Amino acid sequence: MDEELKQEIQDLKSTIYLLSNEINSQFIRLNDSFSININQLSEQIYKLSETQALTNKSIDNITVNTYKENFQEIQKQSKIPDEYYIDYSYITDTNYSSWVDNLKRYSKDMAECRDKKQITNFCQSARNTLESAIEVLFDEEYKYINENNKVFLEAYNRVKSSYDKRDNTNWALPQICLIVANSAIKSENLKKIDGKYVSREYIKKIRKESLPASVQIFFEIIKPNYMKMQHLKETFFIIKNMNKLRNLKTHGSKSDLNSQLNELGPYAKQLYYSSENFETIQKAISWFVQEIYKRVRKISNN
């Protein structure tokens, strides 16, 4: 009996020893596996950190390059002399803020064209400036026209008379004063003056169809019979010939430049070849806008 107990105890010890060895082996294997995983994780973290560093560097490079490009563009723009731009800071009336935005955009276009010596594009931007100014003027003139303020009507009539005397013309100045059968008619597009109705739509038609006629009406508004005033006459012809120069085809035309200029007339040709053509036109446009602003402020404050 004792021998059997001793044998069982011995077997138990052997089993415990084997289990201990197995547990130890398992622990060693787990520890090795854990160490390997830790090393792999550390390596992945290092790689991720390295990738992040490279990404940050790329972002920094992109930021720096973008800044450099923007700065170079600003430098490029800043090379255009200040005097190439028309200053409209005197237009402080907030009612004309959208007009000022357009004027600034056209001024920028003119400055860039002048810097690049692009006379035709420069003249087109100058015309855009005139058209925007005339739109403001005609709208305000119609708004404030009445029995006591017929300045616009009188200016229009003088221009209408000169157009009616022309023999060779493919465009007739529209009649803006209409006789309407219904004398009690009410419309925001018609105003009754001296028994006739002044049509807003026909005033708009003049503005859209003929810049020269619109410009003439403006000159007659600020000075009746302006052609007798030398400085006004000169400014008018600068504007008139500027409007002609914008139609020049410097590329892709069957006619050479000199032939085109001859067709436009001697004054347009003289303006084109003048060493001060950009400056001359710019001064005329600047004066034109300033005079229109004075006029609309005057009639709106009366």
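All of the points below concern the structure found in this document. (Residues numbered from 1 in each chain as written. Predicted model: local features only at pLDDT ≥ 70, side-chain atom pairs only at ≥ 80, totals over all residues. Heavy atoms only, no water.)

## Structural notes on the overall build of the protein
What counts is decided by this rule: Numbering of helices and strands runs from the N terminus, with a helix taken as a DSSP run of H or I at least four residues long and a strand as a DSSP run of E at least two residues long. Here, residues are in contact when the closest pair of their heavy atoms is within 4.5 Å. A 1.4 Å probe and the Shrake-Rupley method give the accessible areas. Residues count as covered only by the protein chains that appear here.
Counting its regular elements, the protein contains 10 helices and three strands. Helices (α) and strands (β) of the protein occur, in sequence order from the N terminus, as α-α-α-α-β-β-β-α-α-α-α-α-α. Sequence-distant contacts, at least 24 apart, represent 65% of the contacts inside the protein between residues at least 6 apart. Taken as a whole, the protein presents about 19900 Å² of accessible surface, with 50% of it coming from carbon and sulfur.

## As for the packing of aromatic side chains
The condition that has to hold: Working definition: rings of Phe, Tyr and Trp (its six-membered ring) pair if their centres are within 6.5 Å, and the pair is stacked with planes under 30 degrees apart, edge-to-face with planes over 60 apart, and tilted otherwise. Using a 1.4 Å probe on the protein chains alone, a residue whose accessible area is under 20% of its type maximum counts as buried, one over 50% counts as exposed, and one in between counts as partly exposed. For a lysine, the NZ atom is tested; for an arginine, the CZ atom; a charge sits over a ring if that atom is within 6 Å of the ring centre and within 35 degrees of the ring normal.
This model, assessed by the stated rule, comprises 16 aromatic pairs. The interplanar angle of 80° and the centroid separation of 6.0 Å between the aromatic rings of Tyr-96 and Trp-99 together place this pair among those described as edge-to-face. The class of Tyr-96 is buried, set by a relative accessible area of 7%. The class of Trp-99 is buried, set by a relative accessible area of 4%. Between Phe-218 and Trp-287 the ring centres are 6.0 Å apart and the planes differ by 70°, which places this aromatic pair in the edge-to-face class. With Phe-218 in helix α6 (residues 211–222) and Trp-287 in helix α10 (residues 277–301), this pair connects stretches of sequence that are 69 residues apart. Exposure remark for Phe-218: the relative accessible area of 1% places this residue in the buried category. Geometry around Tyr-163 places Arg-166 over its ring, the cationic atom sitting 3.9 Å from the centre. The ring of Tyr-142 is capped by Lys-191, whose NZ or CZ atom sits 5.2 Å from the centre of that ring.

## Some remarks on the sheet that holds strand β1 (residues 177–178)
Definition in use: Two strands qualify as a pair provided that DSSP identifies no fewer than 2 bridges between them. Comment: axis = line fitted to C-alpha atoms, over the contacting stretch for helices; angle = value between 0 and 180 degrees taken between N-to-C directions.
Reading across from one edge, β1-β3-β2 is the order of the three strands in this open sheet, with antiparallel pairing throughout. Taken across any chain shown, the strands that pair with only one partner, and hence form the sheet edges, are β1 and β2 (190–193). Lying over the sheet, helix α5 (residues 200–209) contacts β1 and β3 (196–199), oriented at roughly 40° with respect to β3.

## Examining the pattern of salt bridges
A side chain with one charge can pair with a side chain of the opposite charge if their charged atoms come near. Here is the rule we go by: Salt-bridge detection follows one rule: a side-chain nitrogen of Lys or Arg within 4 Å of a carboxyl oxygen of Asp or Glu.
Summed over the entire model, instances satisfying the criterion amount to 12 salt bridges. In this structure, Asp-164 engages Lys-160 in a salt bridge whose closest nitrogen and oxygen atoms are separated by 3.5 Å. With Asp-164 and Lys-160 both in helix α4 (residues 151–164) and four residues apart, the pair spans about one turn of that helix. Taking relative accessible area as the criterion, Lys-160 reaches 15% and is therefore assigned buried.

## Considering the nonpolar core
Heads up, the rule is: Residues belong to a common nonpolar core when they are buried Ala, Val, Leu, Ile, Met, Phe, Trp, Tyr or Cys residues joined through side-chain atoms within 4.5 Å.
Counting 63 residues, the largest nonpolar core has Trp-99 and Phe-288 as its most contacted members. It is helix α3 (residues 119–144) that provides the largest number of residues to this core, a total of 11 residues. Ignoring sequence-local partners within four residues, the contact set of Phe-288 consists of Leu-130, Ala-133, Ile-134, Val-215, Phe-218, Phe-219 and Ile-239.

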